[in-house]
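Reading the structure
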Amino acid sequence: MKWITATIFILGLSISLAAQGTGRGRPARPAPPPDNRPFDAHDLSGVWYRTGGDRGVNRERPGTTDVPSFTPEGQKMFDANKPARGRPIGEPIGNDHPGRVRAVVPALSNDPILLCNPQGLPRLILDEEPVEFFPLGNQRFFQFFQWGRILREIWTDGRKLPEGEQLAQLGPSWFGMSVGKWDGEAFVVDTVGLDDRTWLDIYGFPHSDEMKLHETWRRVSYDVIEWNYTITDPKIYKTPFVSDTKSFTRMKPEDLTHAGWYGFDGPWEGLCTYADEVEVFKKTVEDPAGVGKK
Amino acid sequence: VKAKALISGAIFAAVSLCGTAVFAHHGTGISYDLAHAPVTLKGTVAEFRWANPHVILYIDVKDKNGNTVRWALEGNSIVNWTRRGYNRTSVKVGQEVTAVVYPSKVPNTPNGVVAHVTLPTGEEVLRFQSDTPGSRGVD
C-alpha cells in the first residue's frame, strides 16, 4: 500500500513539474488542494517550498510600475550584470521586460553564483528549493535553506538593526543582518548590510549595500505561507521595488522521507563548491560549451 | 507484478517529461542546440563525475579519422537524478555506451548536454533532456 501511495505521489509531482513550462515567466510549483485544518497564525515552523509568485522580484512586466526607474548608478550596475537566465540577448523583447531578454551563455555571464558565491537576499529565498523554519524561543528565528545548506538567522530578541556609523563599521555581508518581530499576524523582518555583489534575482537586477529589505511573512492557512517584500534602495532605484506575493506550501512529513524526495539528506548536499563547479565543471564543460576551447 | 511494471513505466514516462524545474543552477538551452535533433555518440565511459550542481559524463569517442576524442557532457544535478532513481554507479568507467546529446552551439566542440544514455543491451541508464528538439525552453 505504501508503495502505491508513493507511486501516486511521484506521478502527481512529476506531472506538476512537467507542467511548469519553459521558464518564460514560469510560476513556481503548483499548489496542492487547500488544507482546511485549523492553524496557529503565529507558528511558521515546518518545511516549506515555493508554490506561487514569480521567480523574479515581481513579474517585471514592461509598461507597468513593476520595475522602478533606475538612478544613473543603478542603470550602470544593471547594464554591467550579464545573467545566464531568461531569454537570450538579441531576441525580440516583445512583452518582456528588457531585463528578462539579455541572457548570455554561462561562460560569458558574470552571475556571482556561477563561481559559487552566495546568492544573498532576497535571491536565496526566491530559489525553488525547500526551506525549513524553526524559531528558537524568543531569541532567534532560523531559516535553513536546502540550496547551499545556508542557515539564516533573524534576531527576535528585540535588538535594533545597526545604523549610521555602527553599520558603516560593520560593513556589508552576503546575507546582512536581520531582525524580526510579530505585528499582529504578520512576522515582519528587516534586513540591512547586504553586499552589493549579489543580485536581487536570477535576471541580474542590482542593489547597493545601502539597500533595505522589508519582509512580511503571513501564515494564511494550515499549509500556506505568503511572503511579500519591499526593497528600498535610493542609490539604485528611484522608488521602492515591491514584490508580488510569493506563496510557500508546507511539505508533508512523508515527502521528507520518501527516498529523501525533497529532504535535507546529507549525501546530496545541495552545495556549489569551487572544487567541483569551478575547477572542473566550468573548465571542462561550461566554458568550452559556451565559447569553445581557448 | 504486471501492474507494478506498468506503474513503474508510467512513473518513468512522467519523470522523463520533467525538466530541471528544481535545483537548476543555470539554464542549459543557451549553450546547447536544443532546437535541432540530438546527435548520437558511441563511446567508452572515461569518467562519471557525480557532483552538485552538475553531474558530468566523460566519454571517449572515435572520430571519423580514428582519433579518440573525449566528450564532456553536462548532466543533471545529483538531487534531480537521485529523485529519478540514478546514482553514482548508474554508469561505470570502461562501459561501452551510446549517448544521445544536444551538442554545444560552438561548432566542433566536444561538449553537449545529455538527452539519454543507454548500454549495448538497450537499457537506458541516464535521462536528462527530452528526445524531442525544442521541447525545452532556454531557462
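Attention here is on the structure that accompanies the text. (Residues numbered from 1 in each chain as written. Chains lettered and ligands numbered in written order. Predicted model: local features only at pLDDT ≥ 70, side-chain atom pairs only at ≥ 80, totals over all residues. Heavy atoms only, no water.)

Secondary structure assignment for chain B yields 2 helices and 6 strands. The N-to-C order of helical and strand elements in chain B reads α-β-β-β-α-β-β-β. Here chain B holds 139 residues, and 55% of them are scored as buried. Sequence-distant contacts in chain B: of pairs separated by 6 or more residues, those separated by 24 or more amount to 61%. Entry remark: accessible area of chain B is about 5900 Å², with carbon and sulfur atoms responsible for 56%. (Helix = DSSP H or I, 4+ residues; strand = E, 2+ residues; numbered from the N terminus. Buried < 20%, exposed > 50% of the residue type's maximum accessible area, 1.4 Å probe, protein only. Contact = heavy atoms within 4.5 Å. Areas by Shrake-Rupley, 256 points an atom, 1.4 Å probe, with all protein chains shown as cover.)

Further remarks concern the state of the cysteines. Residue and element names in this part refer to chain A. Going through the model one piece at a time under the given rule, you end up with 1 disulfide over all chains. One disulfide in the model links C116 with C272; its S-S distance is 2.0 Å. Across the S-S bond of C116 and C272 the torsion is about -65 degrees, and the bridge reads as left-handed. Of this pair, C116 sits in the loop between helix 2 (72-80) and helix 3 (123-126) while C272 sits in the loop between helix 5 (253-257) and helix 6 (274-291), and the two are 156 residues apart along the sequence. (Disulfide = S-S within 2.5 Å.)

The next thing to look at is the pattern of salt bridges. Residues and elements named next belong to chain A. Counted by the stated rule, this structure contains 22 salt bridges over all chains. When the shortest N-O distance is used, the salt bridge between D54 and R100 registers 2.6 Å. Taken as a pair, D54 in the loop between strand 1 (46-52) and helix 2 and R100 in the loop between helix 2 and helix 3 lie far apart in primary sequence, 46 residues in all. Using a relative accessible area of 3% as the deciding quantity, one classes D54 as buried. Counted as one network, the salt bridges with shared partners bring together D54, E60 and R100. (Salt bridge = Lys/Arg side-chain N within 4 Å of Asp/Glu carboxyl O.)

All names here are of chain A. Topologically, R50 is positioned in strand 1. Among buried charged residues, R50 stands out as having no salt bridge; its nearest opposite-charge side chain is D244, 6.3 Å away. At 2.9 Å, the side chain of R50 and the backbone oxygen of D54 are in polar contact. A distance of 3.1 Å separates a polar side-chain atom of R50 from the backbone oxygen of L126. (Lys, Arg positive; Asp, Glu negative; His and termini not counted. Polar contact = N/O pair within 3.5 Å; in protein donor to acceptor, adjacent residues only side chain to side chain.)

Residue and element names in this part refer to chain B. In terms of strand pairing, strand 2 (residues 56-62) meets strand 3 (residues 68-74) through 7 bridges, oriented antiparallel. The residue bridging Y58 from the neighbouring strand is A72, located in strand 3. Between strand 2 and strand 3, which pair antiparallel one after the other, the connecting turn spans 5 residues, and G66 there sits at a positive phi close to 85 degrees. Note that strand 3 and strand 5 (residues 111-118) share 3 bridges and pair parallel. Across the sheet, residue L73 finds its bridge partner in strand 5, namely G112. (Pairing = 2+ DSSP bridges.)

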